[in-house]
Amino acid sequence: MKRRNVMRAAVAGAGSVALGFTMTRPSFAYPAVPGPSPYGALQPADARGIQLPTGFTSRIVARSSQTVPGTSYTWHGAPDGGACFADGNGWIYVSNAELSTGGGAGALRFDASGNIVDAYRILDGTRTNCAGGATPWNTWLSCEEVDRGFVYETDPYGAGAAVQRPAMGRFKHEAAAADADHGVIYLTEDVSDGAFYRFRPTTWGDLASGTLQVLTQTGSTLAWATVPDPDGSPTATRNQVAGTRRFNGGEGCYYTDGICFFTTKGDNRVWAYDADANTLATVYDDNVSGAPLTGVDNITGASGSGDLFVAEDGGNMEICVITPDDVVAPFLRITGQSASEICGPAFNPAGNRLYFSSQRGTSGSSSGGITYEVTGPFRGI
């Protein structure tokens with residue numbers, strides 16, 4: 001797990017301002033500080049080793065190297081980034097495989113009652129598929145976390161073939177978040193001197209061509225500059241534009257209500273880029289007494305409440321909630337799996353089921369991954 005660097009105490013940048021999750025939120029007090037969870041205290045671990053608030057229950061929906069119950073499909077190793085997609089009255093959860101060989105992605109199909117009715121492969125022949133992001137046209141962008149890695153656009157429903165999208169840049173991809181309001185897709189880069197990118201398709205909904213840009217900062221001014229060579233050879237994309245704004249280990253990425261939230265694990269921060277105001281702020285920084293969230297990694301949000309849910313790579317193996325009034329607290333904790341990390345948090349369309357994986361489970365091996373579902377009274381439903 002990457003740790004904080006010598007710039008730990010640096011401010012978010014001269015152009016930063018205190019932002020809110022939405023225009024109606026009650027406070028403007030970034031960064032978030034530790035406080036009581038709106039869901040209450042964690043209860044003793046259940047039979048699956050998960051501590052949850054009162055009223056919530058967990059179940060295992062898939063295990064790496066084992067056949068998904070009710071199907072003939074063997075769940076992939078090292079489950080990582082994920083997302084949910086509506087499927088009639090049911091839904092589909094897709095999950096990447098962060099394996100150096102045999103990576104790709106798989107999917108679980110659920111009926112309206114939450115029963116698994118199918119499981120299948122949606123991407124093969126790729127490497128170290130870490131995170132990614134869903135598009136408004138219901139495809140899954142699976143990102144390779146390797147030098148000069150690709151983004152692959154995949155079909156969660158299993159009907160269409162995956163397509164490589166080189167126009168989105170070749171670099172050590174982590175996550176993606178689609179911003180339909182501004183017609184761009186944000187991209188994070190998992191290296192210690194990484195950049196924050198956006199891809200503007202020539203035609204929204206078609207990722208075959210477009211312009212890759214990188215966020216720059218000069219004094220207090222943020223700007224977007226076109227990357228001359230998205231292929232990243234011989235010069236890496238992050239080193240092609242003067243004044244590129246650096247981020248220490250870009251991880252998860254989530255867009256909502258005009259703001260792209262993204263995380264950096266190298267310094268344990270959550271950021272907010274306001275696309276309308278063109279400003280950057282620190283939502284969370286673990287350099288505070290009693291900070292519960294470390295190993296900051298994948299991120300998602302609950303649309304009904306405005307809560308952010310951030311998974312830990314290491315730390316206490318928690319998913320923490322950051323509320324719209326700037327409180328951060330543990331939402332759940334996985335016990336007995338200290339050699340693993342939590343990946344792929346995503347809500348089903350109704351917002352009453354949260355999916356995520358422990359990448360290496362109790363064994364500490366990529367073949368021991370476990371994918372879970374948590375059900376309960378989530379706020380705002």
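Residues numbered from 1 in each chain as written. Predicted model: local features only at pLDDT ≥ 70, side-chain atom pairs only at ≥ 80, totals over all residues. Heavy atoms only, no water.

Under an unreviewed UniProt entry, the name given to the protein chain is DUF839 domain-containing protein, and the source organism is Glycomyces albidus.

Chemist: Account for the pattern of salt bridges, with residues named and values stated.
Modeler: The full count for this structure, using the stated rule, is 18 salt bridges. When the shortest N-O distance is used, the salt bridge between Arg238 and Glu189 registers 3.5 Å. Residue Arg238 is found in the loop between β16 (221-226) and β17 (250-256), and its partner Glu189 is found in strand β13 (residues 184-189); the two are separated by 49 residues along the sequence. Across the pair, exposure class does not vary: Arg238 and Glu189 are buried alike. One salt bridge in this structure joins Asp285 and Arg269, with 3.1 Å as the shortest N-O distance. Taken together, the positions of Asp285 in strand β20 (residues 279-285) and Arg269 in strand β19 (residues 269-274) put the pair 16 residues apart, joining distant regions of the chain. (Salt bridge = Lys/Arg side-chain N within 4 Å of Asp/Glu carboxyl O. Helix = DSSP H or I, 4+ residues; strand = E, 2+ residues; numbered from the N terminus. Buried < 20%, exposed > 50% of the residue type's maximum accessible area, 1.4 Å probe, protein only.)

Chemist: So what's going on with the sheet that holds strand β6 (residues 105-110)? Which residues, and what values?
Modeler: Consider a sheet: its strands pair through backbone hydrogen bonds, and that pairing is either parallel or antiparallel. Taken in spatial order, the four strands of this open sheet run β4-β5-β6-β7, and their pairing is antiparallel. The open sheet terminates on both sides in strands that have one partner only, identified here as β4 (79-87) and β7 (116-123). Each neighbouring strand pair of the sheet contributes to a mean axis angle of 20°, computed without reference to strand direction. Sheet analysis places β4 next to strand β5 (residues 90-97), joined by seven bridges and oriented antiparallel. Its bridge partner being in β5, Phe85 is matched across the sheet by Ile92. (Pairing = 2+ DSSP bridges. Axes fitted to C-alpha atoms, helices over the stretch in contact; angles between N-to-C directions.)

Chemist: I'd like a description of the packing of aromatic side chains, backed by residues and values.
Modeler: Overall, the coordinates contain 30 aromatic pairs when judged by the stated rule. Ring geometry for Phe309 against Phe347: centres 5.2 Å apart, planes inclined by 70°, an arrangement best described as edge-to-face. Of this pair, Phe309 sits in strand β22 (residues 308-312) while Phe347 sits in strand β25 (residues 342-347), placing them 38 residues apart in sequence. Just as Phe309 is buried, Phe347 falls in that class too. Three or more aromatic residues joined by ring pairs form one cluster here, namely Tyr186, Phe196, Trp224, Phe247, Tyr255, Phe262, Trp271 and Tyr273. (Phe/Tyr/Trp six-rings, centres within 6.5 Å; stacked < 30°, edge-to-face > 60°.)

Chemist: Give me the sheet that holds β25: which residues, what numbers.
Modeler: Ordered by their spatial adjacency, four strands build an open sheet running β3-β27-β26-β25, and the pairing between neighbours is antiparallel. Edge positions in the sheet fall to β3 (57-63) and β25, since each of these pairs with one other strand and no more. Ignoring which end each strand starts from, the neighbouring axes of this sheet average 20° apart. Here β3 pairs with strand β27 (residues 370-375) via six bridges, running antiparallel.

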